[in-house]
Amino acid sequence: MPFDIDARIRDWQARLLDTTRRNRLVKFATGRGGGLNLLRPTADDLWRLLVAERALTFPWKRDVLRLPAEAIDRDEPVVPPAPEANAPAPASTDAPPPPRAKTLAELTAECAASPRLAPEHLLTDLSDKKLATALLRLARTASESETDHGVSTLYAAFGFLRWYESTDSTEELLSPLALLPVRLTRESVEANWVLCPGDGDPAANHCLAELLAAEFRLKLPAWAEADAPGPEDDADALGAYLKLVADAVRGYPRWEVVPTAALGVFNFQKLAMWEDLKRNAERVKAHALCRAVAGDTAVQLRPPAGLVAAHELDEKVPPDAVAHILDADSSQHEAIEAVKRGADVVIDGPPGTGKSQTIANAIAELLAAGKTVLFVSEKTAALEVVKRRLDACGLGDFCLELHSHKANKREVAKELGRCLELRAPVPRDTASELAQLAADRRALNAYAAELHRPRPPLGFSAFRVHGELARLAHLPARSRWAVPDALARDASFLDRATDALAALPRCREVLTNPCGHPWRGCALASVTQVGLDDARHHLERLAAVLSALCEGNALADLALAGAVNSVGAWREAVAFARGA
């Protein structure tokens, strides 16, 4: 069965684009963990202010209405209790009844009508306490995303599509239609939060567009269809786009476009990859490495010719062919040379093993070869570590950062202009230094080769001998035996001596108590078969006599210390008997 690369690409796209109800781009919600509605200014006015790069402030309701914080932050209005049915009627007095506590909705309406609410003020339906909590949560979430991944996730949403999954469904779904990146800042903990325009262009909700296309065969208009060609007309783009969406959903019962605005965290981190797959599907299908990653076993990836192993680097890669900016060991140098030769490599290792150092060296090598390098990472920290290394080595001007807040057009154009005005540095003549480096390398390699070269007559290298001595140096009772005429000994002698020394532990009792050995005093110079037969014959006779003698207990009674069970006790008993 042939491999279906199209199905695998569709699977990748589905994994990158979340179209489930858990996604806030599909089902927007407010409250705990969600976004917050922006009541004032209206969506059109807020859009115009942000497009014009105007900052807006979240005022506290207590400041707008000049009320104490307790009157704004309580969840439920305080209403005087009703009198009981059988309670006596209160005495008539001229004092007016206590004022009724106002609800949060009533206080919000008073804020909207207050002359102290400026056009640059943002009004929500939350109390001051809950507003402060919600804005702090949104700011922290956006900051963590930008710090970890270099991607802004805080957006102002304009226009919502109210839709239902089926004609008889009672669950209302609200999905944002247009999104504009924003930032939340404040001068101090007690200061008001400020909403500032972010770095980036407005975008449509691609997740919603894909969901509606797959489930309802409905094609939402692209943002480019409503975007005006000139920047002075960007303020009218929102109204034009919402009108296009309203026309597209006109035939669906109960579906409508709601012209409201909200603030929330929306994850666009994988949208760029999804769009890249969509635009370059044919290139992905034609690329052998992409097909291999997709699981096509028919693709045969072959390494390029001329790869250099780690032990061949000094011989095949001279110093003048290396453009390292940081130290590199042989394994790192091997990986860098593979990258230079166009190999597809995977460098794996735990933290602190020099991966970013190897990447910085590889980038320097490719720059020296006149090539362009695209360095991407899921974590912003990895990008920053490599950038700092390149800056420290004088290669920072060759780098163009295209992530986080530095990815906007203004900063990119500014950085390009600065680098184009730089003057080329005067190169320093390093021919003599490289020649000296090559000579030092040859000397060090020759020394290492001699250190590891096996030498006769034992066939050991000096490195091995020193290693063996170091291994034995910690022994508390190391033998000081000096081998006579050591230079004349060969490997066979060493093997025999090693075997003899290895057998010494079996003779521990003999060596520690030589006088107690049964064969002590034996004068036989050689062992023959006749001698073995004589020893066996006499030992058998001696064993029989000793057995009979012990049974009589005559000598045992004369023993000084009980039964006779050794040669020493035997002799002592005999001496005692003779003396008696």
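Below or above, wherever it landed, is the structure these notes cover. Every value quoted in this text rests on a predicted model; they were computed, and no experiment measured them.

Each value, and the rule that gives it
- Residues numbered from 1 in each chain as written.
- Predicted model: local features only at pLDDT ≥ 70, side-chain atom pairs only at ≥ 80, totals over all residues.
- Heavy atoms only, no water.
- Salt bridge = Lys/Arg side-chain N within 4 Å of Asp/Glu carboxyl O.
- Helix = DSSP H or I, 4+ residues; strand = E, 2+ residues; numbered from the N terminus.
- Buried < 20%, exposed > 50% of the residue type's maximum accessible area, 1.4 Å probe, protein only.
- 1 Å grid on protein atoms, 1.4 Å probe; cavity = no way out; pocket = protein on both sides within 12 Å on 5 of 7 lines; lining within 4 Å.
- Points joined across faces, edges and corners; volume = space filled by probe spheres on them.
- Nonpolar A, V, L, I, M, F, W, Y, C, P; charged D, E, K, R; others polar.
- Pairing = 2+ DSSP bridges.

Here we look at the pattern of salt bridges
Thought 1: As enumerated under the stated definition, the model contains 28 salt bridges in all.
Thought 2: A salt bridge links Arg 15 to Asp 11, with the nearest nitrogen and oxygen atoms 2.9 Å apart. Here the residue Arg 15 and the residue Asp 11 both occupy positions in helix α1 (residues 5-16), the gap between them amounting to four residues, near one helical turn.
Thought 3: For the salt bridge of Lys 27 with Glu 171, the shortest nitrogen-to-oxygen distance reads 2.8 Å. Residue Lys 27 is found in the loop between α1 and β1 (36-38), and its partner Glu 171 is found in the loop between β3 (154-163) and β4 (173-185); the two are separated by 144 residues along the sequence.
Thought 4: Classification of Glu 171 by relative accessible area gives partly exposed; the value is 36%.
Thought 5: Residues joined in a network through salt bridges with shared partners are Glu 337, Lys 340, Arg 341 and Glu 365.

Digging into empty space enclosed by the protein
Thought 1: The full count for this structure, using the stated rule, is one cavity of 30 Å³ or more.
Thought 2: Estimated volume of the largest cavity: approximately 30 Å³.
Thought 3: Lining the largest cavity are Phe 58, Pro 59, Lys 61, Leu 122, Leu 123, Thr 124, Leu 126, Asp 128 and Leu 131.
Thought 4: Residues that form the lining of the largest cavity fall into these classes: six nonpolar, one polar and two charged.

Quick word on the layout of surface pockets
Thought 1: The computed volume of the second largest pocket comes to approximately 1200 Å³.
Thought 2: Along the walls of the second largest pocket sit 26 residues, with Leu 469, Leu 472, Val 483, Leu 494 and Leu 501 positioned nearest its centre.
Thought 3: Counting only elements with at least two residues in the lining of the second largest pocket, the list comes to α18 (462-472) and α19 (491-503).
Thought 4: Grouping the constituent residues of the lining of the second largest pocket by class yields 18 nonpolar, two polar and six charged.

Observations concerning the pairing of β4
Thought 1: Among the 13 residues in β4, 10 count as buried, and that is most of the element.
Thought 2: One ladder, built from two bridges, connects β4 with strand β6 (residues 203-204); its direction is antiparallel. Residue pairing in the sheet places Ala 178 in a bridge with Ala 204 of β6.
Thought 3: Examined bridge by bridge, β4 and strand β5 (residues 194-197) share four bridges and lie antiparallel to one another. Bridge assignment links Thr 185 to a residue of β5, and that residue is Val 194.

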